[in-house]
Amino acid sequence: MGAGGRIMVTPSSKKSETEALKRGPCEKPPFTVKDLKKAIPQHCFQRSIPRSFSYLLTDITLVSCFYYVATNYFSLLPQPLSTYLAWPLYWVCQGCVLTGIWVIGHECGHHAFSDYQWVDDTVGFIFHSFLLVPYFSWKYSHRRHHSNNGSLEKDEVFVPPKKAAVKWYVKYLNNPLGRILVLTVQFILGWPLYLAFNVSGRPYDGFASHFFPHAPIFKDRERLQIYISDAGILAVCYGLYRYAASQGLTAMICVYGVPLLIVNFFLVLVTFLQHTHPSLPHYDSTEWEWIRGALVTVDRDYGILNKVFHNITDTHVAHHLFATIPHYNAMEATEAIKPILGDYYHFDGTPWYVAMYREAKECLYVEPDTERGKEGVYYYNNKL
């Protein structure tokens, strides 16, 4: 689509690779947030408690059914079939549906679940705690990510380094084996390390942890709720301890631990691919403004998982513009704003398992767009 960012990449397209790597527009867009909001049907902004709970209850039912079948019938199967087919299938299916529950908790953090903040916070707190996510802690840091997306100085996570800040060891990992190693560590440990130690997060003065109420991430008025988040995590950990004591550590790992790893994998994968793409600009303080920063994200296609993940994967552009739109209206909202966004709308249909390696290869650091005289606008590069 010219030199713009409206990348319509399909796996069968002969020019998909070159299309995907073209730099998107970075200038102040010719439309406003008001223009975009006016284009979206008003009902898309309406939150329905029955409809929101229907998605949550569907996911809970699936999780319960998977758990019931695994704990009551897998032991009746021949061992090779149980070990090499049934349990792996359970882990993947359970992990994917639990990721959908995480997405609903994320929606609660944006006040997109219902019209009542207490309902959103109660639902989000319960189900994020079940997935060992400190709900209020992440809610506050994630909102600041939305407020500063695309800013090299103030964004909260997946902030690309400038070339001068690239670590010395990156050149030794800039090869196929090194990239696979980096991706493996990132997908397995990235989420808990970010929550616990702010790894890959913006630098702060002092100990920045989502579990530490007095971390510089939080404002004074938020600190009490950080204690509540920690209490929720401790309660779930105690429940897991009691389950392991009753059913055995292996059983706990099989029914809960491995699916949780799948959830963590998809959280990092989806977030990484939403905010990392060769076409995306980033801005320093001389160029950044909210609407340009909000457009520094990419919609992706995960096939059937789009529905399992409640379309957080293929409606993320609209989500960054209007975070309170519930997921069941996000597709309609996306279609409504596409004509106005034009080349500012980013979509890449490259399969995720191809895209994650490509982005790890192409997006090592950012450098100023000197070709167009934009010293405050940065694009990805990989030449070390």
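Residues numbered from 1 in each chain as written. Predicted model: local features only at pLDDT ≥ 70, side-chain atom pairs only at ≥ 80, totals over all residues. Heavy atoms only, no water.

**Let's talk about the nonpolar core**
It is characteristic of soluble globular proteins that their nonpolar side chains tend to be buried jointly. In terms of nonpolar packing, the biggest core is built from 62 residues, with Trp102 and Trp191 touching the most fellow members. Mapped onto this core, the elements with two or more residues apiece are α3 (49-73), α4 (79-109), α5 (117-130), α6 (135-148), α8 (176-197), α9 (223-247), α10 (249-275) and α15 (352-362). Broken down by element, this core gets its largest block of residues, 14 residues, from α10. Each residue touching Trp191, except ones within four places of it in the same chain, is listed here: Trp102, Val133, Trp138, Gln186, Asn264, Leu267 and Val268. Of all hydrophobic cores here, the second largest spans 20 residues; its members include Cys44, Ala333, Ile337 and Tyr344. (Core = buried A, V, L, I, M, F, W, Y, C linked by side-chain atoms within 4.5 Å. Buried < 20%, exposed > 50% of the residue type's maximum accessible area, 1.4 Å probe, protein only. Helix = DSSP H or I, 4+ residues; strand = E, 2+ residues; numbered from the N terminus. Contact = heavy atoms within 4.5 Å.)

**Description of the packing of aromatic side chains**
Here the structure, examined in full by the defined rule, presents 28 aromatic pairs. On the numbers, 5.9 Å between centres and 50° between planes, the contact of Phe158 with Phe272 is tilted. Placement of Phe158 in the loop between α6 and α7 (170-173) and of Phe272 in helix α10 is noted, with a sequence separation of 114 residues between them. Judged by relative accessible area, which is 8%, Phe272 ranks as buried. Above the ring of Phe45, the side-chain terminus of Lys37 is found at 5.5 Å from the ring centroid. When the ring centre of Tyr204 is taken as reference, the NZ or CZ atom of Arg202 above it lies at 4.6 Å. (Phe/Tyr/Trp six-rings, centres within 6.5 Å; stacked < 30°, edge-to-face > 60°. Lys NZ or Arg CZ within 6 Å of the ring centre and 35° of its normal.)

**Let's talk about the UniProt feature "domain: Fatty acid desaturase" (unreviewed entry) in the chain**
The UniProt feature table records "domain: Fatty acid desaturase" (unreviewed entry) at residues 86-346. Taken end to end, residues 86-346 has its terminal C-alpha atoms 38 Å apart, with 61% of it in helix and 2% in strand. (UniProt positions renumbered as here; feature names shortened; annotations may be inferred.)

**Examining the state of the cysteines**
In total, this model carries 0 disulfides according to the counting rule given. In this structure Cys44 is not part of a disulfide, and its nearest cysteine sulfur, from Cys108, lies 19 Å away. (Disulfide = S-S within 2.5 Å.)

**Remarks on empty space enclosed by the protein**
Per the stated rule, a full pass over the model turns up 3 cavities of 30 Å³ or more. Estimates place the volume of the largest cavity at around 160 Å³. Around the largest cavity, the lining comprises 16 residues; the ones closest to its centre are Glu107, Thr315, His319, Ile325 and His327. Here the residues of the lining of the largest cavity are counted per class, giving 7 nonpolar, 8 polar and 1 charged. The computed volume of the second largest cavity comes to approximately 60 Å³. If you go around the second largest cavity, the residues you meet are Pro25, Cys26, Glu27, Pro29, Pro281, Tyr283, Arg292, Leu295, Val296, Tyr344 and His346. Residue composition of the lining of the second largest cavity, grouped by class: 8 nonpolar, 1 polar and 2 charged. (1 Å grid on protein atoms, 1.4 Å probe; cavity = no way out; pocket = protein on both sides within 12 Å on 5 of 7 lines; lining within 4 Å. Points joined across faces, edges and corners; volume = space filled by probe spheres on them. Nonpolar A, V, L, I, M, F, W, Y, C, P; charged D, E, K, R; others polar.)

**Here's the deal with α6**
For α6, built from 14 residues, the straight-helix expectation of 20 Å at 1.5 Å per residue is met to within 8% by its first-to-last C-alpha distance of 20 Å. Across the 14 residues that make up α6, a large majority, 12, are buried. Among all positions in α6, only Tyr135, Phe136, Ser137, Trp138, Lys139, Tyr140, Ser141, His142, Arg144, His145, His146 and Asn148 are buried. Directly after α6, the chain includes Gly150, whose backbone phi takes a positive value near 85°. (Expected span 1.5 Å × (residues − 1).)

**What to know about unusual backbone geometry**
Although it is not a glycine, Leu132 adopts a positive phi angle of roughly 60°. You can see Leu132 is positioned in the loop between α5 and α6. With a relative accessible area of 23%, Leu132 lands in the partly exposed category. Residue His310 is not a glycine yet carries a positive backbone phi of 55°. In this structure, His310 sits in the loop between α12 (305-308) and α13 (316-321). Residue His310 is classed as buried on the basis of its relative accessible area of 6%.

**Quick notes on the environment of Ile180**
Looking at the element boundaries, Ile180 is found in helix α8. Judged by its relative accessible area of 48%, Ile180 is partly exposed. Counting along the chain gives 176 residues from Ile180 to Met356, while the straight-line C-alpha distance between them is 9.8 Å.

**What about helix α14 (residues 327-341)?**
Taking 1.5 Å of rise per residue, the 15 residues of α14 would be expected to cover 21 Å, and the 20 Å separating its terminal C-alpha atoms lies within 8% of that figure. Every buried residue of α14 is listed here: His327, Tyr328, Asn329, Ala330, Ala333, Thr334, Ala336, Ile337, Lys338 and Leu341. Gly342 sits one or two residues past α14 and shows a positive phi near 55°.

**Description of a nonpolar patch on the surface**
On the surface, Leu181, Val185, Ile188, Leu189, Leu193, Phe197, Val199, Phe207, Phe212 and Leu261 cluster together into a nonpolar patch covering about 870 Å² of accessible area. The element contributing the most residues to the nonpolar patch is α8, with 6 residues. Tracing the backbone through its elements, the reader meets Leu261 in helix α10. (Patch = residues over 30% accessible without salt bridge, like charges linked within 9 Å, V, L, I, M, F, W, Y side chains within 5 Å. Areas by Shrake-Rupley, 256 points an atom, 1.4 Å probe, with all protein chains shown as cover. Salt bridge = Lys/Arg side-chain N within 4 Å of Asp/Glu carboxyl O.)

**Here's the deal with the pairing of strand β5 (residues 374-381)**
Within β5, 6 of the 8 residues are buried, leaving the element largely enclosed by the surrounding structure. Here strand β1 (residues 282-283) runs beside β5; their pairing, made up of 2 bridges, is antiparallel. Counterpart to His282 in the pairing with β5 is Tyr378. In terms of strand pairing, strand β4 (residues 365-369) meets β5 through 5 bridges, oriented antiparallel. Residue pairing across strands places Asp369 opposite Lys374, the latter belonging to β5. (Pairing = 2+ DSSP bridges.)

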